[in-house]
Amino acid sequence: MASVSLQLISFSEQISQGAEARIFKAQVTSDSKPVLLKHRFKKKYRHEALDATLTKARVAGEARTLLKCLKAGVHVPQILVVDASEGILGIEWIEGQCVRKLLPGGEEPEEGEVDPPSTGPQQSLDEYGLTIGKLMELIGAELAKLHKADIVHGDLTTSNMMLRHPSAFTSSTKQDVPTELVLIDFGLSFVSTLVEDKAVDLYVLERAFASTHPDSEPMFASVLQAYERALTAREWKAVKNRLDDVRLRGRKRSMVG
Amino acid sequence: MDAFIFPHLSTEKSTAYFALFRNVENASSLRQRVVKVSTLTDADERVEEERDAVNLAFIDARLITSRTHLQTAVHQALLASSTPNGMRTRSVHSEILFYLNPTNNITESFKNFGLSDKSTSLIVVRIGKPVAPAAPHLRPDQKEMQVQELMKDAVIGTIVPLDDPEQGLESITDWAAVRKLFKLNTEPAVKNASSPEEERVVVDRIVTSAVAMKSVMQ
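Values in this document were obtained by computation on a predicted structure and should not be read as measured data. All chains use their own residue numbering, which begins from 1 and follows the written sequence. The order in which chains are written sets their letters, starting at A; the order in which ligands are written sets their numbers, starting at 1. Totals for whole chains, interfaces and linings use every residue, but because this is a predicted model, local features are given only for residues with pLDDT of at least 70 and side-chain atom pairs only at 80 or more, for both listing and counting. As a rule here, side-chain values come from all non-hydrogen atoms in the structure, and water together with hydrogens is ignored.

1. Description of the pattern of salt bridges
Part 1 of the argument: Basic side-chain nitrogens of Lys or Arg form a salt bridge, by our definition, when they fall within 4 Å of a carboxyl oxygen of Asp or Glu. Using the criterion set out here, one finds 28 salt bridges over all chains in the structure.
Part 2 of the argument: A salt bridge links A:Glu92 to B:Arg205; the shortest N-O distance between them is 3.0 Å. Separated into two different chains, A:Glu92 in strand β5 (residues 88–92) and B:Arg205 in helix α9 (residues 196–212) make up a pair that spans both.
Part 3 of the argument: We call a residue buried when its accessible area falls under 20% of the maximum for its residue type, exposed when it is over 50%, and partly exposed in between, using a 1.4 Å probe and counting protein chains only. Classification of A:Glu92 by relative accessible area gives buried; the value is 14%.
Part 4 of the argument: The exposure class of B:Arg205 is buried, given its relative accessible area of 16%. Numbering of helices and strands runs from the N terminus; a helix is a DSSP stretch of H or I covering at least four residues, while a strand is a stretch of E covering at least two.

2. Describing the pairing of strand β2 (residues 15–22) of chain B
Residue and element names in this part refer to chain B.
Part 1 of the argument: Most of β2 sits out of view: 8 of its 8 residues are buried.
Part 2 of the argument: Burial of β2 is two-sided: the residues Thr15, Tyr17, Ala19 and Phe21 facing one way and the residues Ala16, Phe18, Leu20 and Arg22 facing the other way are all buried.
Part 3 of the argument: Pairs of strands are assigned from DSSP output, requiring at least two bridges between the strands. Across 4 bridges, the pairing between strand β1 (residues 2–5) and β2 is antiparallel. Directly across from Ile5, in β2, lies its bridge partner Thr15.

3. A few points about the sheet that holds strand β4 (residues 79–83) of chain A
Part 1 of the argument: Spatially, the 5 strands line up as an open sheet ordered β1-β2-β3-β5-β4 (chain A), and their pairing is antiparallel. The strands lining the two open edges of the sheet, one partner per strand, are β1 (13–17) and β4 of chain A. Neighbouring strand axes in the sheet, compared pairwise and without regard to direction, differ in orientation by 20° on average.
Part 2 of the argument: Its contacts with the sheet place α9(B) against β4 and β5 of chain A, and it is angled at close to 10° to β4(A). Each axis is a line fitted through C-alpha atoms, taken for helices only over the stretch in contact, and angles between the N-to-C directions span 0 to 180 degrees. In this description, contact between two residues means that some pair of their heavy atoms is separated by no more than 4.5 Å.

4. Quick word on the domain arrangement of chain A
Residue and element names in this part refer to chain A.
Part 1 of the argument: Note that the domain bounds were set by an automatic or database domain assignment. For chain A, the domain assignment lists domain 1 (1–93) and domain 2 (94–116 + 123–257).
Part 2 of the argument: Spacing between the C-alpha centres of domain 1 and domain 2 amounts to 23 Å.
Part 3 of the argument: Each side of the interface is counted separately: domain 1 has 19 residues, and domain 2 has 21 residues.
Part 4 of the argument: Summing both partners gives a buried area of about 1600 Å² for domain 1 against domain 2, and 56% of it is carried by carbon and sulfur. When two parts are put together, the accessible area they lose, computed with a 1.4 Å probe and summed over both, is reported as buried area.

5. What to know about the pairing of β4(A)
Residue and element names in this part refer to chain A.
Part 1 of the argument: For β4, a buried count of 5 out of 5 residues is recorded, marking the element as mostly surrounded by other parts of the structure.
Part 2 of the argument: Across 4 bridges, β4 lies against β5 in antiparallel orientation. Counted as the bridge partner of Val82 is Leu89 from β5.
Part 3 of the argument: From the end of β4 to the start of β5, which pair antiparallel, there are 4 residues, and Gly87 there has a positive phi angle of about 75°.

6. What to know about the packing of aromatic side chains
Part 1 of the argument: A pair of Phe, Tyr and Trp rings is counted when the ring centres sit within 6.5 Å of each other, with Trp represented by its six-membered ring. The angle between the planes then sorts it: under 30 degrees is stacked, over 60 is edge-to-face, the rest tilted. Tallied over the entire structure, the rule returns 5 aromatic pairs over all chains.
Part 2 of the argument: With a centroid separation of 6.2 Å and an interplanar angle of 40°, the aromatic rings of B:Phe4 and B:Phe6 are classed as tilted.
Part 3 of the argument: Each ring, one from B:Phe98 and one from B:Tyr99, has its centre 5.9 Å from the other, and the planes form 85°; the classification is edge-to-face. Accessibility assignment for this pair places B:Phe98 and B:Tyr99 in one class, buried.
Part 4 of the argument: An aromatic cluster of at least three residues, connected via ring pairs, comprises B:Phe4, B:Phe6 and B:Phe18.
Part 5 of the argument: For the cation-ring pair, A:Lys43 lies above A:Phe41, with the distance from its terminal atom to the ring centre recorded as 4.6 Å. Here, over-ring charges are defined by two tests on the NZ atom of lysine or the CZ atom of arginine: distance to the ring centre within 6 Å, and angle to the ring normal within 35 degrees.

7. What about the packing of helix α6 (residues 217–229) of chain A against helix α7 (residues 233–249) of chain A?
All names here are of chain A.
Part 1 of the argument: It is the contact of α6 with α7, at a shortest axis distance of 10 Å, that shows an interaxial angle of 150°. As summarised for this structure, α6 and α7 are arranged roughly antiparallel, according to the angle between their axes. Every pair of crossing elements has a handedness; the one defined by α6 and α7 is right-handed. In this structure, α6 contributes Phe220, Leu224, Tyr227 and Glu228 to the contact, and α7 contributes Trp236, Val239, Leu243 and Arg247.
Part 2 of the argument: When the residues that make up the contact of α6 with α7 are grouped by side-chain class, the tally is 6 nonpolar, no polar and 2 charged. Roughly parallel covers angles under 35 degrees, roughly antiparallel covers those over 145, roughly perpendicular covers 65 to 115, and oblique covers all other angles. Crossing handedness is defined as follows: a turn of the near helix away from the far one that is anticlockwise and smaller than a right angle gives a left-handed crossing, while the clockwise case is right-handed. Side-chain classes are defined by residue name, with Ala, Val, Leu, Ile, Met, Phe, Trp, Tyr, Cys and Pro counting as nonpolar, Asp, Glu, Lys and Arg as charged, and the others, Gly among them, as polar.

What follows is the structure in structure tokens.
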């Protein structure tokens, strides 16, 4: 018999496909909220035993980071299903939009997106009650929380950040913004106390901004400002200096591999 | 009666009937009965009947934070039971208690989340089939009634809807006990919560996620 969680996938709608995994929108019970399933499918090009070990370790790693984030107060989706031996991670479905699509230049559908959903009228930042400046502040504050917990995302882009739609956002009591910035895709994340790793994390995001959104410099500068405000002067100085170094040499320090 | 229906699971496991009992009066004798049944051998008289009568999960409702929390534990236990050698305990019902507990110690799971002599609010869960295998002709609602009768025979108490705003889970969860058990009092997400309501949302999200990722916990 096919595994139960694969059966769950067969009842679900595929949303997107990448090199590493397929994304589905599923429902665990008929009356519960939707779940996003990330299925790290079998890679035929790897030896079976190696594939099983890698897949299991990656699902486990991603789940552990998400739990660490939740405890640190970083906004991430909650975990709902884990079947590591099948390579399946199920997380909360976030109603909203990824940040890339809400900023200028980010409209083109991304590689792997199945049937770019013609979301009707383009959702705009106004709908989320935000300006670009305010959004950049949210990003900087969230990254500061992440790095303070010694978690490095490893793949920061505007595609890996989402805004909860105000209609689907209820929890907070401090209502200066009607939305919440949520970090997603911790597939490349790891735990590190090194300033180098945090600086590279920021550098990767800076490059992602530059390649996706026109006139990104002032935007990224406000991200850093908000990031700075959430850190102590000492912590910030260390990261800032290292970020300047990384900008000069690129993200690979050792120049090998 | 309330149930989680998992369409992707095989028929005999696809339904988890459950009920929330308040004002439970017979926790102590019920616990003794469950212990006694577990020591019966196949040679004993009416052993099948007795086993079936308490073939249920008894969960201390004070430590359950939401419907999703309960559903996640039941679902992960069912996933484990559907995998060869996937279960860490001897039945799918005890597996639910195991998944709810933050550590991998089975005895501790029972002690923390199971039936104790002092329990007054219990969530009782029954996986799958109706009571008697002899009744395949029953309609789903009749099966439900049958399971409910079985639960009422075991537990002396009042059944209340889980989602009832006054009598339901919301009025039962002991948040301080949950925070202590999961060691959340020093976590930034909990310490920095701006209101008790937000703190509860945060704790529920952490606890539910901990249940879901239990199988890959360090």
